[in-house]
Structures are given as C-alpha cells and as structure tokens.
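For reference, the chains in residue letters:
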Amino acid sequence: VAEGEPGQGREPFELPRFWDALGQTFQVTSQEATKLSLAFSRPPLPSAEDCRKLSEDVQNAILAVATVYYWLPKGQGTTLRKMVRDATTEVVEGMIQLTDTILNAPVESLSQEQLISTGGVWEACEQVSNLPRGEYNQAAVVSALAACLGVVKDAVEEMEHALVEGQDPYGDIMEDEELGFRGNRDTYWSEADRQLLGSCMGLMKASKACLKKVLAAVKAHGKADSPEQIAQLDDLADISNEISPSVDELAHSMYPPVNPLAVRLNVSICSTASLMNFLHFCRTSHVCTPSEEGWVQFLTGAVDHNMNKVKNFTQDQL
C-alpha cells in the first residue's frame, strides 16, 4: 500500500461506490480488531481453530482495505490518492501493531499496550469519515490548502506575539539558577533587527494572504472535469506544501541572535522558490478567473516589495 501504485481499473470508476466500499472495509477492520483484542484479553487462550479463524478474518479485512484503495485510479488526482493511501496505511500499520502487542503480551491480563493498540486501530478506521469526499480531487486539494494555511497562521501569530511582547522574546523563560540573570544581548532584538524583521513579517503575512486567497479560489472555481484541471489542482497542493516549511524556517531565523544573511537566505527561499512559484501556478491555472487576477498581481507586488527591502537591509552583510 505504501509503495504501490493503483492501476487505471477495467471498470468505469464510480466515486460514491468507492467511498461506500472504503467505509465498509474500514468498519469491518475495526470490528475485527475488537474481536481479536477481546479474544486475548483474559485466559483461557482461544483454541487453535479459533486462532485460525481470527487470523483469517483479520487478514481478509486488511486485504479488503488494500483492495479498495487500489480501486482509486491515478486519474482522480495525486492529492486525493495520497490522503486515501495515508489513511489506508495507518489502518494496516495499526493492525500490525495490535497483533505484535498481543503476541508479546502476558496472557494473564489485558495490558495497557493492548488497550492503546486497539484504540489506535479504532481511531485509524474512524479517519475514513474525515477524508474529503467532495468533487473528486477538488475537495482533497481544499483540505491540503487549509492545512497549510493553518500552519502559516500559527507561525504569523506566534511571531507577532513575540514582537509585541517587548525587547526580550525569551522573557517567559525562567532565570537559570547557575548561570544567573540572562543579560546576554543574544536574547534581545536590536532596533536594526526590528527594522529587518518588519519586512520579514510582511512576507509572512503575504504568505498567509496568498494561501487564503488561493484556497477561496479553489473552493469557488476549482474543477476536476478533465485530467488537465486535476493536474493543476495537484500542482497547487504540492507547491502549497512547500510554503509552510519555508515560513517556519524564516520564523526560526528571526529569533535572536539574528543572523542577517540567514534571514536573507530564508526570505529568498520563501519568496522566490515558494510564494512566486505558487502565484505563478495559480495565475496560469483554471482557478484564476479574471475576477481573481487583481489580488494575484497585488500579492506578487507585496512579495517583491518585502524581499527587496530585506535585500537592502542586508546588502552590507555580503
């Protein structure tokens, strides 16, 4: 499941039938996990015949989960397939862990590890209800973009809070008993640092605005009626996955002691490699209707503006 690729399938693919079948196989797997765990929760052990039957039922449930996953053809979009694959893999790995736990647990009583493993399978099987089931790949891409937006929002809020708190972003850290008062300038932002960080914050906010706008555009205009449209949505999801790590790296480099060249490098990665690439793909995709072109142009200018300000602030460091 983790490494294989589903085929195109011989029959016409029907998404509602796929979701029904996937939900049923996950539910059966959850039930088999319960039966297996209860059978080994207290002595006496099941008979050899009962063990054989339990093993067959568990194996059949897992094979059914994998089989339904393989129904999902590549043409439905890589973003959707990845989400379904991750959910399927989690179920299979959960059942493996439960079986290992039972094999290694004492027979006398139900172990805490067995309870946790059983609950892990239940939780993994319940994840099928959280998978995006909208119009083919469009709902999956909306889910992926929303997740990235959440990460970037958190990074922006954390950095805004640190900058507002005052001159010492580590003020909430207790004084070290051995080293004494934290008088090291490396824990403070200088005025020059704050000027540089102002442009960095502008870029982080542009990242948040960019993801928010593209998310709204995909919700409003995203389609999966053709292979080209599906591929465009997948590209947007893939590139958005590069934005949140680049924003995180930029935020980490903004804490004192500030290395201006490290900040400049992270700004360049965030703006050029991530945001500009994202905006370019959005502009050339079907989700960017004429009504969306204005904010694409505005955010492109905002990214350029803040990147150039950082370059000017750090030019003497080169």
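An unreviewed UniProt entry lists the protein chain under the name CCDB1 protein, with Phainopepla nitens as the source organism.

Caption draft 1: View of the layout of surface pockets. Counted as a void, the largest pocket has a volume near 350 Å³. Forming the walls of the largest pocket are 19 residues, and the residues nearest its centre are Leu36, Phe40, Thr99, Ile102 and Leu103. Every element with two or more residues in the lining of the largest pocket is listed here: helix 2 (48-69) and helix 3 (78-104). Looking at the lining of the largest pocket, the element that brings in the most residues is helix 3, giving six residues. The class makeup of the residues in the lining of the largest pocket is 15 nonpolar, three polar and one charged.

Caption draft 2: Structural detail: helix 9 (residues 293-314). For helix 9, with 22 residues, the first-to-last C-alpha span of 32 Å sits near the 32 Å given by 1.5 Å per residue. If you check which residues of helix 9 are buried, you get Trp295, Val296, Leu299, Thr300, Ala302, Val303, Asn306, Met307, Val310 and Thr314. The arc enclosing the buried residues of helix 9, seen along the axis, measures out at 160°, which places them on a common side. With respect to the buried face of helix 9, the exposed residues turned more than 90 degrees away are Gln297, Phe298 and Asn312. The elements touched by buried residues of helix 9 are helix 6 (191-221) and helix 8 (260-284).

Caption draft 3: Representation of unusual backbone geometry in the model. The residue after proline 43, namely proline 44, is reached through a cis peptide bond having omega 0°. Tracing the backbone through its elements, the reader meets proline 44 in the loop between helix 1 (15-39) and helix 2.

Caption draft 4: Focus on the nonpolar core. Formed by 82 residues in total, the largest nonpolar core has its most connected members in Leu22, Val84, Met159, Met204, Val214, Val218 and Phe278. Shared between two domains, this core takes at least three residues from each, and those domains are domain 1 (15-128) and domain 2 (137-314). Setting aside chain neighbours within four positions, we find methionine 159 in contact with Trp189, Met201, Met204, Ala251, Met254 and Tyr255.

Cut-offs applied
Residues numbered from 1 in each chain as written. Predicted model: local features only at pLDDT ≥ 70, side-chain atom pairs only at ≥ 80, totals over all residues. Heavy atoms only, no water. 1 Å grid on protein atoms, 1.4 Å probe; cavity = no way out; pocket = protein on both sides within 12 Å on 5 of 7 lines; lining within 4 Å. Points joined across faces, edges and corners; volume = space filled by probe spheres on them. Helix = DSSP H or I, 4+ residues; strand = E, 2+ residues; numbered from the N terminus. Nonpolar A, V, L, I, M, F, W, Y, C, P; charged D, E, K, R; others polar. Expected span 1.5 Å × (residues − 1). Buried < 20%, exposed > 50% of the residue type's maximum accessible area, 1.4 Å probe, protein only. Arc of directions from axis to C-beta. Contact = heavy atoms within 4.5 Å. Core = buried A, V, L, I, M, F, W, Y, C linked by side-chain atoms within 4.5 Å. Domains from an automatic or database assignment.

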